[in-house]
Amino acid sequence: MKKLLSVAGAALLTVLAGVFAYGQPAHAAAGFSVSNGRLYDANGTEFVMRGVNHAHTWYPQQTSSFANIKRLGANTVRVVLASGDRWAKNDTADVANVISLCKANKLICVLEVHDTTGYGEQSGAITLDRAVDYWLSIASALQGQEKYVIVNIGNEPYGNQGYATWATDTANAIKRLRAGGLTHTIMVDGPNWGQDWSFTMRDNAGTVFTADPQKNTVFSIHMYGVFDTAAEITDYLGRFRTAGLPIVVGEFGFNHSDGNPDEDTIMAYSQANGIGYLGWSWSGNGGGVEYLDMATNFDPNQLTSWGQRIFNGANGIKATAKEASVYSGTTSPSPTTSPTTSPSPTTPPPGGCTASYTIVNSWQGGFQGEVKVTVGAAAINGWTTKWTFANGQTVTQSWNATISSSGSTYTARNVDYNGRLGAGASTTFGFLGSWTGSNAVPAVTCTAS
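Rules behind the numbers
Residues numbered from 1 in each chain as written. Predicted model: local features only at pLDDT ≥ 70, side-chain atom pairs only at ≥ 80, totals over all residues. Heavy atoms only, no water. Disulfide = S-S within 2.5 Å. Helix = DSSP H or I, 4+ residues; strand = E, 2+ residues; numbered from the N terminus. Contact = heavy atoms within 4.5 Å. pLDDT = per-residue confidence, 0-100. Pairing = 2+ DSSP bridges. Axes fitted to C-alpha atoms, helices over the stretch in contact; angles between N-to-C directions.

Caption draft 1: The arrangement of the state of the cysteines in detail. Within this structure, the stated rule accounts for 2 disulfides. Between the sulfur of C102 and that of C109 lies a disulfide, 2.0 Å long from S to S. Measuring handedness by torsion sign, the sulfur bridge of C102 and C109 sits at about 65 degrees and is right-handed. Bridging C353 to C446, the disulfide has an S-S length of 2.1 Å. Every disulfide takes its handedness from the sign of the S-S torsion; for C353 and C446 that torsion is -95 degrees, giving left-handed. Separated by 93 residues along the polypeptide, C353 in strand 12 (residues 353-363) and C446 in strand 19 (residues 444-448) bring together distant segments of the chain. The cystine pairing of the chain, numbering bonded cysteines in sequence order, is 1-2, 3-4.

Caption draft 2: Structural context of the side chain of S83. If you trace the backbone, S83 turns up in the loop between strand 4 (76-81) and helix 2 (92-104). Other than its neighbours up to four places away in sequence, S83 contacts K89, V113, D115, I126, R130 and Y134.

Caption draft 3: Layout of the confidence of the model for the chain. When pLDDT is averaged along the chain, the result is 89, and 88% of the positions lie at 70 or above. Predicted confidence is poor over residues 331-343, with pLDDT under 50, and the contacts of this stretch with residues over four places away or in other chains come to 26 contacts. In the predicted structure, residues 345-349 sits below a pLDDT of 50 and forms 12 contacts with residues beyond four places in sequence or in another chain.

Caption draft 4: Structural view of the sheet that holds strand 9 (residues 247-252). Around the barrel, which closes on itself, the 8 strands sit in the order 3-4-5-6-7-8-9-10 with parallel pairing between neighbours. Neighbour to neighbour, the strand axes of the sheet diverge by 25 degrees on average, direction disregarded. In the sheet, strand 6 (residues 149-152) pairs with strand 7 (residues 186-189) via 2 bridges, with the strands oriented parallel. The residue of strand 7 that forms the bridge with N152 is M187. Strands in contact with helix 2 are strand 4, strand 5 (108-113) and strand 6; relative to strand 5, the strand with the most contacts, it is inclined by about 150 degrees. Against the sheet, helix 3 (residues 128-137) engages strand 4, strand 5 and strand 6, with an angle of about 130 degrees to strand 5.

Shown next as structure tokens:
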């Protein structure tokens, strides 16, 4: 987040060049890891970030903020740090203390260097390479904390000028961190003041992910005025989901000087699709964006309208956050909501498949569905599932399958990366839908090819 966002009026017209699936990294994770576009903690439990940003580097005395943010329900805090280039350096001891505060309050720490903000357009901003120098200089505070810390290389690297080298510079920064011994999950921000209106991050994310020797990188989009419609939000996030690449909303607000972001869609779509979000910001904003404070004067008992919305509103932090299992010892994956599942499928025939339908989440007028395809005793090369809605439901968006309809009957076919399945294997695809009146679970058939 910067004090003033300057966004060029570029048209959002480019398309994702290709769709890829990215599987489990080969290394054994000592901390967080990424698989098929999802983030998992050290116990192998899926983790979805629900939290806020805290401007620690400018308000280092506000150490009670960690406990207050946790008390309001968050499971993650993104902490603003400085390399010493634009603001006073947060040294090794200070970073170690920040991590200890996160751990004491059972929060996952996303640590970011803010000095990179708007490089190429903002005077004094530093390169990602310089940010890597900072991380390596405080590496002793980070090592051994892989279960609790995610390293966000640099905040909003590149403004609206000179961002063409984002992919190369980001890939090189990741490789330098790995060569320097950091095995943490790495988070990278998009250019264009974090909002990636040029789609530079979106269209090069696969290349950057592959450049990480550990395949343990998460992408972070910042959503302010560029993302003022539901279509822009769902298209951007949905393309990452379809490509099997991990995405989080690392910053967003309910209003901004460059436009009015659609926070309702950001939160609803993120919740429906297991995407993390981190709102900006706890308290202490200046430069004309003081309205982005969630708490007045860092007081958790004086939440602003924005604070009430993100913590206590629909799809908000209090209702949706789940504490990281590394703090409770839980080792089994836990869904983000309590699902409603259809009756168990019968045993798949040899060379065939069966499918089961689950309502993962439901809200007034909308829902998220998921279908699990399970293979029988022989491998298959592809699958097709069908179901018929009895109550007028419609599918509005899908991922991990190609879905078509004829009246109330829907057909879903595998995509390139999830059709060839071994004996006994399974895969899932999901979709968003609309409903009125009732939302009964339909029977689903599966045909293998």
